[in-house]
Amino acid sequence: MKNKVYLVTEYYHENQNTTGYLLGKLYDFLNKQSEIDLVLIAKEDKDSPEYNNAHYIKAVKPNKASLFKRFIYEFLISFNFLISIIKNVEKKSIVFTGTTPIFLLIVLFFAKKLLKFKWILLVHDVFPENLVAAKVLRRESIFYKILKKVFDVIYASADEVIVIGKDMKELVHTKTKKNNISIIQNWIDYCDIAVEKKTENSILKQLAWVDDDKTVFQFFGNIGRVQGVDVILEAIKNMKYLHLAKFIFIGDGAYVSKLKEQIESLNLENVYYFGPLDQTKKSIGLNACDVAMVTLAEGMLGLGVPSKSYFSMAANKPILAIMDYESEVSDMLRIHNIGWVVQPNDIHALTEKLDEIVLKNQNYGFNSPRNILKEYYAEPIAMQNILEIIKKLN
């Protein structure tokens, strides 16, 4: 008899965003397993394929710039998920979810009590601690303390918890006090990302930035409140060898308007905001640089692992990580010798590192990031580990 598994997710396809990419890969893998009867419950998206073994819920596009409108969106979509889960999920089955939308966790907590299913929780966000790091809540506030108690109970109610880094495992363990936590790093199929010569990249050609004597740094992805983009711009302003560097920012998010203002105030030809890039052109975007910059703002240790790190590795780019030395990505860069690490908010140290990198003129002496990804972090490794967790719950 097949095992009934429900994959409940806001995003489910690579056309949508990184979460869609990751959960889409998981859907494809589980759907091929002969011993699993998979059902997808996801947000409707007319720009992505529809599957026969799926139930779709309707939701408007979220407004990331307004916290209030985002709150309303999160509440409404979670309510719709609740209705779909109650209508479609069979008792004593297995439900696999991520951590967004935020109220979905509350929905799963109560639905689990009603339907007695087993819950596998993939943690990409740790609530409400991440709201403190994003400066949405204050740690000293009563509201935060109440939320923390609520979400600690919710995280602890999952039968199996998957986290994406060692630092996140430590943090989640303090919430749940349980030993059912497994580390499975974000899975990337390196075959999805081409390796392209800098001189052949269409974005760099468009900008006339294919000069090999200049080092191109790139920030690619969500430009939000906790990415520390302002620190990068301050460091750029203070560089001694800025004439040897170029900086491109690609993406969208709540901080974009401020980013544009800061770049405009710098008034430099070698600092450019390109704008968002369609998911189908991800490979082109990842190759539009010599060095990939990946950030995690101060206070975010254990709260997230930038998936962009693994995509940049697939494009064979060394990584400049601007984040805590104890973070998952920092640890990976040091162990495998594929990049540099600078503490967040240390503008002086970042400025010195940027100058150091441009003076090396791409002679870094690193291992191949793509080869490291293939050996240690490729998709098949993660998929097999997830399958073992599912089998353990049967």
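The structure contained in this document is the topic of the report that follows. Quick caveat, the model's predicted, so the values are computed rather than measured.

### Digging into a nonpolar patch on the surface
Residues F68, F71, I72, F75 and L76 make up a contiguous nonpolar surface patch of about 540 Å² in total accessible area. Examined against the element boundaries, F71 turns out to sit in helix 2 (residues 67-88).

### Remarks on unusual backbone geometry
Cis geometry is found at the peptide bond from T100 to P101, where omega equals -5°. Structurally, the position occupied by P101 is in the loop between strand 4 (94-97) and helix 3 (104-115). For the bond from F127 to P128, the omega torsion is -5°, close enough to zero to count as cis. Residues other than glycine seldom take positive phi values, yet K92 does so here, at roughly 60°. Within the element layout of this structure, K92 appears in the loop between helix 2 and strand 4. By relative accessible area, K92 is classed as exposed at 72%. One non-glycine residue, N267, lies in positive phi territory at about 55°. By the secondary structure assignment, N267 is in the loop between helix 9 (256-266) and strand 10 (271-275). When its relative accessible area of 66% is taken as the criterion, N267 is described as exposed.

### Focus on the environment of I146
Within the secondary structure layout, I146 lies in helix 5 (residues 142-156). I146 sits in the partly exposed class, given a relative accessible area of 48%.

### Side note on the sheet that holds strand 8 (residues 215-220)
What the six strands build is an open sheet, ordered 10-9-8-11-12-13; its pairing is parallel. Every other strand in the sheet has two partners, leaving strand 10 and strand 13 (339-342) as the edge strands with one partner each. On average, adjacent strands in this sheet sit at an angle of 20° to one another, irrespective of strand direction. Strand direction decides the pairing type here: strand 8 and strand 11 (residues 291-295), joined by three bridges, are parallel. Paired with Q218 across the two strands is A292, which belongs to strand 11. This element, helix 9, spans strand 9 (245-250) and strand 10 of the sheet and lies at about 150° to strand 10. Each of strand 12 (319-322) and strand 13 touches helix 12 (residues 328-336); the most contacted strand, strand 13, lies at about 140° to it.

### Let's talk about the side chain of S157
As for its placement among the helices and strands, S157 is situated in the loop between helix 5 and strand 6 (160-163). Judged by its relative accessible area of 18%, S157 is buried. A polar side-chain atom of S157 sits 2.6 Å from the main-chain carbonyl oxygen of I154. Those residues in contact with S157 that lie beyond four places of it in its chain are F109, K112 and W119.

### Re the pattern of salt bridges
Applying the stated rule across the entire model yields 20 salt bridges. Ionic pairing is found between D37 and K4, a salt bridge with its closest N-O pair at 2.9 Å. Linking D37 in strand 2 (residues 36-43) with K4 in strand 1 (residues 3-9), this pair joins segments that are 33 residues apart in sequence. By relative accessible area, K4 is classed as partly exposed at 22%. Salt-bridge contacts for K392 lead to E160; the nearest nitrogen and oxygen are separated by 3.5 Å. Here K392 is found in helix 15 (residues 379-393), whereas its partner E160 is found in strand 6, with 232 residues between them in sequence. Residue K392 is classed as exposed on the basis of its relative accessible area of 53%. Through salt bridges that share partners, E129, K148, D152 and K175 make up one connected network.

### Here's the deal with the sheet that holds strand 5 (residues 118-123)
Strand order in the open sheet formed by seven strands is 3-2-1-4-5-6-7, and the pairing between neighbours is parallel. Taken across any chain shown, the strands that pair with only one partner, and hence form the sheet edges, are strand 3 (54-57) and strand 7 (181-183). For this sheet, the mean angle separating the axes of adjacent strands, direction not counted, is 20°. Here four bridges tie strand 5 to strand 6, and the two strands are oriented parallel to one another. Each residue of the ladder has a partner; that of L122, found in strand 6, is I162. Helix 3 contacts strand 1, strand 4 and strand 5 of the sheet and is inclined by roughly 165° relative to strand 5. Packed on one face of the sheet, helix 6 (residues 166-176) meets strand 5, strand 6 and strand 7 and runs near 170° to strand 7.

Rules used throughout
- Residues numbered from 1 in each chain as written.
- Predicted model: local features only at pLDDT ≥ 70, side-chain atom pairs only at ≥ 80, totals over all residues.
- Heavy atoms only, no water.
- Patch = residues over 30% accessible without salt bridge, like charges linked within 9 Å, V, L, I, M, F, W, Y side chains within 5 Å.
- Areas by Shrake-Rupley, 256 points an atom, 1.4 Å probe, with all protein chains shown as cover.
- Salt bridge = Lys/Arg side-chain N within 4 Å of Asp/Glu carboxyl O.
- Helix = DSSP H or I, 4+ residues; strand = E, 2+ residues; numbered from the N terminus.
- Buried < 20%, exposed > 50% of the residue type's maximum accessible area, 1.4 Å probe, protein only.
- Pairing = 2+ DSSP bridges.
- Axes fitted to C-alpha atoms, helices over the stretch in contact; angles between N-to-C directions.
- Contact = heavy atoms within 4.5 Å.
- Polar contact = N/O pair within 3.5 Å; in protein donor to acceptor, adjacent residues only side chain to side chain.

From the geometry alone we can't say anything about function, so treat these as descriptive.
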